[in-house]
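# Per-entry structural report
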Amino acid sequence: MTSGPENIEQPTEQSTGSESTPSHPLVTALQREHPEWIGEVIHAFGETTIIVPREHIVAACSFLKTWPEGQFNFLSDICGADRGVEEEPRFEVNYHLFSTTKYHRVRLKVLLNEEDTHVPSVSGVWRTANWHERETFDMFGVIFDGHPDLRRILLPDDWQGHALRKDFPLRGYEPYSLK
Amino acid sequence: MGLENIIAEALPEVLTTQLDSLINWARKSSLWPATFGLACCAIEMMNATTSRNDLARFGAEVFRASPRQADVMIVSGRVSRKMAPVLRRIYDQMPEPKWVISMGACATSGGVFDNYAIVQGVDKIVPVDVYIPGCPPRPEMLIHAVMMLQDKVSKESVRDRKDIPEEEAREAVVPGTLPVTDGSTARQNTLPESRPYTIASRHERRRSS
């Protein structure tokens, strides 16, 4: 967890290594309270990433939103990533959290196998997650369980495939035709 | 025939002309473009109507928000696949006579966006009369295209232009149904799959058939 502008001017030589950096106090506090939520903690480039098991993501998000020490009341972004066809786990879903009162950020990450791309929806925690999850579904085919309206949002409704997957051809499967 | 000389002597206040010339003169002198800005080319299109460039000198400055009142569709920018049915519907809603200007590299060929999201040339959806290169083209180039279109309009025949049923219009430009144009068969092996055909404009095809 970076804590705002005072961290920006520090040299980043010690914050780039994931082993040498001591954990942020918020992470240690979170680790003490809910160790089962935290799979791995990565510190890199002054940013903190917590890998969360899939079944705990909603509980972790709703806790972080109302936690007095965290107050992550703003969901900046949800995005997907495809690590490559041969990678295992192949997909990741990233949640970028920000606190407008404490002015710090954290990134939560859920890793997914190709065979089972289901994630519980956090649209009940932050309402803005609705469209972000639709976009992630649209581009990567990640299915958000419990989402109120999981439709495509950017690509046309009759689109075949998911465009940002690594095995999707750049020019699409077929030339355009009006049907 | 000499008929017009006889008429001119007998009735000096009467002017004789061809019906095509008269109607085309009226049509080309007041082209009404449809307001259809898609991307950065639309900024140049707007700029063409400003006081500096003054498209009104050539009678094409009345941009209409309703396709029912428009003659020319200026496709100004990249056409995404999601936008393509909308563009086609607006074209279908325009009454005859109607013309299309493909403005800029993206509308003409997809430009730098050679990917799944962008239609690789608006001529896959609607028949195009004038293409403008450039990224984006300057307003002068759009004005030049309007003047070229006026030349083209003045050479048409009134009989070429009539409203055809929407089903037929839609049928007429389904991609892949038209013969490949000259030269492309020779280059077929090197051309990418995404551009296997080009489409002649509608009245050109009607004349040849």
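If you're wondering where the values come from, they're calculated on a predicted model, not measured in any experiment. (Residues numbered from 1 in each chain as written. Chains lettered and ligands numbered in written order. Predicted model: local features only at pLDDT ≥ 70, side-chain atom pairs only at ≥ 80, totals over all residues.)

Further remarks concern the overall build of chain B. When helices and strands are tallied, chain B shows eight helices and four strands. Counted from the first residue to the last, chain B has its helices and strands arranged as α-α-β-α-β-α-β-α-β-α-α-α. Nonlocal contacts in chain B, meaning residues at least 24 apart in sequence, comprise 79% of its contacts between residues at least 6 apart. (Helix = DSSP H or I, 4+ residues; strand = E, 2+ residues; numbered from the N terminus. Contact = placed C-beta atoms within 7 Å.)

Moving on, we get to the overall build of chain A. Helix and strand counts for chain A come out as three helices and seven strands. Start at the N end of chain A and walk to the C end: the helices and strands fall as α-β-β-α-β-β-β-β-α-β. By residue count, 27% of the 179 residues in chain A fall in the buried class. When contacts within chain A are restricted to residue pairs at least 6 apart in sequence, long-range pairs at least 24 apart make up 54% of them. (Buried ≥ 20, exposed ≤ 12 C-beta atoms within 10 Å, placed from the backbone.)

Once that is clear, we can look at the environment of Gln93(B). Residue and element names in this part refer to chain B. With respect to the secondary-structure elements, glutamine 93 resides in helix 4 (residues 84-93). With 14 C-beta atoms packed within 10 Å, glutamine 93 lands in the partly exposed category. For the pair glutamine 93 and valine 119, spaced 26 residues apart in sequence, the C-alpha to C-alpha distance is 21 Å. Setting aside residues up to four positions removed in sequence, glutamine 93 forms contacts with Pro67 and Arg68.

Residue and element names in this part refer to chain B. The parallel open sheet is built from four strands, whose spatial order is 1-2-3-4. Since the sheet does not close on itself, it has two edges, and those belong to strand 1 (33-34) and strand 4 (130-132), each with one partner. Running over the sheet, helix 3 (residues 41-48) touches strand 2 (72-76) and strand 3 (99-103) and is turned about 135° from strand 2. (Pairing = 2+ DSSP bridges. Axes fitted to C-alpha atoms, helices over the stretch in contact; angles between N-to-C directions.)

Time to look at the nonpolar core. Here is a general trend for soluble globular proteins: nonpolar side chains tend to be buried in one another's company. With 40 residues, the main nonpolar core has Val72(B), Met73(B), Val75(B), Val79(B), Ile101(B), Met103(B) and Leu149(B) as its most contacted residues. Taken together, the elements giving at least two residues each to this core come down to helix 3, strand 2, helix 4, strand 3, helix 5 (104-109), strand 4 and helix 6 (139-154) of chain B. Counting residues per element, this core draws most heavily on helix 6 of chain B, at five residues. If we ignore the near neighbours within four places in the chain, the residues touching Leu149(B) are Leu31(B), Val72(B), Trp99(B), Ile101(B), Asp129(B) and Val130(B). By size, the runner-up hydrophobic cluster in this structure holds 28 residues, among which are Leu64(A), Tyr95(A), Leu108(A) and Val122(A). (Core = buried A, V, L, I, M, F, W, Y, C linked by C-beta atoms within 7 Å.)

This part is about the sheet that holds strand 5 (residues 105-112) of chain A. Residues and elements named next belong to chain A. Spatially, 1-2-5-4-3 is the arrangement adopted by the five strands of the open sheet, whose pairing is mixed. Each having just a single partner strand, strand 1 (40-44) and strand 3 (74-82) make up the two edges of the open sheet. Across the sheet, the mean angle from the axis of one strand to that of its neighbour is 20°, orientation sign disregarded. With five bridges connecting them, strand 1 and strand 2 (residues 47-51) associate as antiparallel partners. Each residue of the ladder has a partner; that of histidine 43, found in strand 2, is threonine 48. Sheet strands touched by helix 3 (residues 129-140): strand 3 and strand 4 (91-98). Its angle to strand 3, the strand with the most contacts, is close to 5°.

Let us now look at helix 4 of chain B. Residues and elements named next belong to chain B. Within helix 4, the full set of buried residues consists of Ala84, Leu87 and Tyr91. For helix 4, the angular spread of the buried residues around the axis is 65°, confining them to a single face. Exposed residues pointing more than 90 degrees away from the buried face of helix 4 are listed as Val86 and Arg89. Structurally, helix 4 contributes buried residues whose contacts are with strand 2. (Arc of directions from axis to C-beta.)

What follows covers the confidence of the model for chain A. Reading predicted coordinates in detail is not appropriate for stretches of low pLDDT. All names here are of chain A. Mean pLDDT over chain A: 83, with 84% of residues reaching 70 or higher. Across chain A, element-level confidence peaks in strand 4 with a mean pLDDT of 93 and bottoms out in helix 1 (residues 25-33) with 83. With pLDDT under 50 throughout, residues 2-20 is counted as low confidence; its partners more than four residues away or in other chains account for 23 contacts. (pLDDT = per-residue confidence, 0-100.)

All names here are of chain B. Residues at a pLDDT of 70 or more form 77% of chain B, whose mean pLDDT is 78. Within the model, the stretch residues 172-204 combines pLDDT values under 50 with 37 contacts to residues more than four positions away or in other chains. Reported for the predicted complex are a pTM of 0.72 and an ipTM of 0.71.

The next subject is unusual backbone geometry. All names here are of chain B. Along the chain, glutamate 96 connects to proline 97 via a cis peptide bond; the corresponding omega equals -5°. Structurally, the position occupied by proline 97 is in the loop between helix 4 and strand 3. Notably, aspartate 54 is not glycine yet its phi reads approximately 60°, a positive angle. Relative to the helices and strands, aspartate 54 is located in the loop between helix 3 and strand 2.

Let us look at the packing of helix 2 (residues 19-29) of chain B against helix 6 of chain B. Residue and element names in this part refer to chain B. Their axes nearest at 8 Å, the elements helix 2 and helix 6 cross at an angle of 160°. On the basis of their axis angle, the class for helix 2 and helix 6 is roughly antiparallel. For the crossing formed where helix 2 meets helix 6, the hand is right-handed. On helix 6, the residues touching Asn24, Arg27 and Lys28 of helix 2 are Gln150, Val153 and Ser154. When its residues are assigned to classes, the contact of helix 2 with helix 6 shows one nonpolar, three polar and two charged. (Parallel < 35°, antiparallel > 145°, perpendicular 65-115°, else oblique. Left-handed = near helix turned anticlockwise from the far one by under 90°. Nonpolar A, V, L, I, M, F, W, Y, C, P; charged D, E, K, R; others polar.)

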